[in-house]
Amino acid sequence: MAAVRSEDQFLCSICLDLFTEPVTTPCGHNFCRRCLSQHWDTSASCRCPLCKELFPMRPELGVNTLLSEMVSQFKQEAGSRSEVSKPGEVSCDHCSDPKLKALKSCLVCLSSYCESHLKPHLSVPGLKSHQLMEPVDNMEDRMCSQHHKPLELFCRSDHSCLCTMCALLEHQSHKFVSLKEEFEQRKASLQQSHHMVEQRRQKIQELQSSVQLSQRAVEREKSTGLQAFSALIESVQRSREHFIQELQEKHRHTQTQAEALLQQLKQEICELEQRSTEAEQLLRSEDHLHFLQHCLALPPTGLKDWSSVRLELEPFEGTAARALTELEENLKETFTEEMKKVSKPKNKLWREQKFAVDLTLDTETAFVNLSVSNDLKQVHHTDQKNFPDSPQRFCSFCVLAKQSFSSGRFYFEVQVKDKSHWILGVAKECVGRKLPGTLNTKYGYWCICLESRNVYINFTEPRVSLYLKCAPQKVGVFVDYDEGLVSFYDADTADLIYSFTGCSFREKLFPFLNPCSNIYDTNSAPLILTVVKK
């Protein structure tokens, strides 16, 4: 079995480090060649540093090859057990290759040490008083170049690092603190700066989101406006085409009439020209009988008297005026229709409804006499027991939704039509479910209720009544968890009923419904979780 070697076996008693070129004195002790040579160079006599044996002559020293190999082997074994420094890590200043990872740096020695080379600082009395710190490179930069002492203080007047001598001699009237105190303060300041940076980054995202919302709003309004203008332009184009068509129709009627007359004139001209040719031939004849027999048919009969013939021109004047008048009427009609489309009332709750969530009721929390529909969307009170008792179940007419929320915003709507009493809102996860009559903010409920046709804020004392024009048929509930806001709306008119502001939410919130009692069969209608059209 191989013996376990100790590092102490290979330490030079002069430098307290592993042997470098170990040599052996005649008395049998081992030292680094350099350490022993320097010791004898500064001594008046040639003695062994350990046993003090006097040598009459300075011995010729040769490297102890066996010990040197053993030291080399030990370094390799230690290197395999220790972690070799990686790029970017501080390496031991006293290791030969491979350089091991430094565990500590000494502000007095201005060196960094691995595990094995650090042991003297942990065991030798003269070294134990040295100030050790986490390993860092460039130890010289941590010493005062003037007084050669560690930089331990920070001058707030000159914003510079000092040693104790600098503080005493050159910065007496200045304000200085320890490096740690300045470090903590500046670290907190940097963290605050980081927080401010994050705030501004969030603001950038908010502004960019607002720009995107603005762009989408522009596109929507542009589309609506362009449709309206297109309708008006189409109306103008139709009137223009009708105006041109009417003029062309009148012109075609006149042209057709003129062409018929021209055809008739051309026909009569042909007949007359033919008779004229015959007449010229008769005029050359000297035969009296022949002349008289043929001359009787001239001139031709049945010719039209063209002196009174006139074209019946269509009345073009006033056509443009009539077309513009009709255009004006058409534009008014089209303009009225498009204005109705453009100015049609918008959904005032569209911002809240963007955060609509799909909810279902949790039958594990429902009061034993409540009846929940199969789709888990409706609830009302009955005379029979529908659920077994359990610790999670309410002792009054209440039920929670399955879904919970611990951040962000959410919105849901509940149909309360035909009910004489109801309560709804949100509740904390930890609300007491066996304590009736505690449905208020003090106990973790934020809700409103309808009782005898009057809407109230949830069971506050004194009870605050909300005077509405008419009881809502559907109630919208909007919650901004981070802003501490719970708002109730008439979902049909988008009118705000009431808002709880400045709330402090520190745990999950659950939508909360209470259809109230139906003992006298006057409140049988259910509360219904309705689908919100975003």
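Residues numbered from 1 in each chain as written. Predicted model: local features only at pLDDT ≥ 70, side-chain atom pairs only at ≥ 80, totals over all residues. Heavy atoms only, no water.

1. Remarks on the overall build of the chain
Of the regular secondary structure elements, the chain holds nine helices and 21 strands. On the principal axes, the C-alpha backbone points of the chain span a range of 195 × 100 × 65 Å. The buried share of the chain, taken over its 534 residues, is 33%. In the chain, the proportion of contacts linking residues at least 24 apart, taken out of those at least 6 apart, comes to 55%. About 34600 Å² of surface is accessible on the chain, with carbon and sulfur atoms providing 53% of the total. (Helix = DSSP H or I, 4+ residues; strand = E, 2+ residues; numbered from the N terminus. Buried < 20%, exposed > 50% of the residue type's maximum accessible area, 1.4 Å probe, protein only. Contact = heavy atoms within 4.5 Å. Areas by Shrake-Rupley, 256 points an atom, 1.4 Å probe, with all protein chains shown as cover.)

2. Description of unusual backbone geometry
Here Lys52, not a glycine, exhibits a phi torsion of approximately 65°, which is positive. Turning to its location among the elements, Lys52 is positioned in the loop between α1 (33-41) and α2 (65-81).

3. Observations regarding the nonpolar core
Within the largest apolar cluster, 39 residues are counted, with the highest numbers of intra-cluster contacts made by Val486 and Phe488. Residues Phe19, Phe31, Leu36 and Leu67 belong to the second largest nonpolar core, which totals 16 residues. (Core = buried A, V, L, I, M, F, W, Y, C linked by side-chain atoms within 4.5 Å.)

4. Section: the sheet that holds strand β17 (residues 474-480)
Spatially, β9-β10-β21-β12-β17-β18-β19 is the arrangement adopted by the seven strands of the open sheet, whose pairing is antiparallel. Each having just a single partner strand, β9 (370-372) and β19 (495-500) make up the two edges of the open sheet. In this sheet, neighbouring strand axes are inclined to one another by 20° on average, regardless of whether the strands run parallel or antiparallel. Where strand β10 (residues 378-381) lies against strand β21 (residues 527-530), two bridges are found, and the strand directions are antiparallel. Counted as the bridge partner of Val379 is Leu527 from β21. (Pairing = 2+ DSSP bridges. Axes fitted to C-alpha atoms, helices over the stretch in contact; angles between N-to-C directions.)

5. Structural notes on a negative patch on the surface
A contiguous patch of negative charge, built from Asp93, Asp137, Glu140 and Asp141, is present on the exposed surface. As for its position among the elements, Asp141 is in the loop between β5 (132-133) and β6 (153-155). Residue Asp141 is classed as exposed on the basis of its relative accessible area of 58%. (Patch = residues over 30% accessible without salt bridge, like charges linked within 9 Å, V, L, I, M, F, W, Y side chains within 5 Å. Salt bridge = Lys/Arg side-chain N within 4 Å of Asp/Glu carboxyl O. Lys, Arg positive; Asp, Glu negative; His and termini not counted. Charge placed at Lys NZ, Arg CZ, Asp CG, Glu CD.)

6. Looking at the pairing of β21
Bridge count between strand β12 (residues 409-415) and β21: three bridges; the pairing is antiparallel. Bridge pairing in β21 links Gln415 to Ile528.

7. Quick notes on helix α3 (residues 115-123)
Along α3, the positions that sit buried rather than exposed are Ser116, His117, Leu118, Pro120 and His121. Where α3 is buried, its residues touch β3 (104-106), β4 (111-113), α4 (125-128) and β5.

8. As for the packing of aromatic side chains
Using the criterion set out here, one finds 11 aromatic pairs in the structure. Where Phe410 meets Phe412, the ring centres are 6.5 Å apart and the plane angle is 10°; that geometry is what we call stacked. Residue class for Phe410 comes out buried when judged on its relative accessible area of 0%. Between the aromatic rings of Tyr445 and Phe512, the centroid separation amounts to 5.2 Å while the plane-to-plane angle is 65°, which identifies the pairing as edge-to-face. Here the residue Tyr445 occupies a position in strand β14 (residues 445-451), and Phe512 occupies one in strand β20 (residues 509-514), the gap between them amounting to 67 residues. (Phe/Tyr/Trp six-rings, centres within 6.5 Å; stacked < 30°, edge-to-face > 60°.)

9. Observations regarding the sheet that holds strand β7 (residues 160-162)
In spatial order, the strands read β7-β6-β8; together these three strands make up an open sheet with antiparallel pairing. The sheet is open, and its two edges are formed by β7 and β8 (176-178), each paired on a single side. Averaged over all neighbouring strand pairs, the angle between strand axes comes to 35°, with direction disregarded. Bridging between β6 and β8 involves three bridges; their strand directions are antiparallel. For Phe154, the partnering residue across the bridge sits in β8 and is Val177.

10. Section: the confidence of the model for the chain
The predicted model of the chain averages 83 in pLDDT, with 91% of residues at 70 or higher. β12 holds the highest mean pLDDT among the elements of the chain, 96, whereas strand β15 (residues 454-457) holds the lowest, 70. (pLDDT = per-residue confidence, 0-100.)

11. A look at the pattern of salt bridges
Side chains that differ in charge, positive against negative, can pair when their charged atoms come close. Under the defined criterion, the tally for this structure stands at 12 salt bridges. As a salt-bridge pair, Glu182 and Arg156 come within 2.7 Å of each other at their nearest N and O atoms. With a gap of 26 residues between them, Glu182 in helix α6 (residues 179-284) and Arg156 in the loop between β6 and β7 connect regions that are remote in the sequence. The class of Arg156 is partly exposed, set by a relative accessible area of 22%. Across the pair Arg252 and Glu249 runs a salt bridge whose closest N-O atoms are separated by 2.5 Å. With Arg252 and Glu249 both in helix α6 and three residues apart, this pair spans about one turn of that helix. Taking the relative accessible area as the measure of exposure, Arg252 reaches 38% and is therefore partly exposed.

12. A short note on helix α8 (residues 319-342)
Think of an α-helix as turning once every 3.6 residues; residues three or four places apart then point the same way. Relative to the 34 Å expected for 24 residues at 1.5 Å per residue, α8 spans 33 Å between its end C-alpha atoms, a close match to the ideal helical length. Among the residues of α8, Thr319, Ala323, Leu327, Thr334 and Glu338 are the ones counted as buried. (Expected span 1.5 Å × (residues − 1).)

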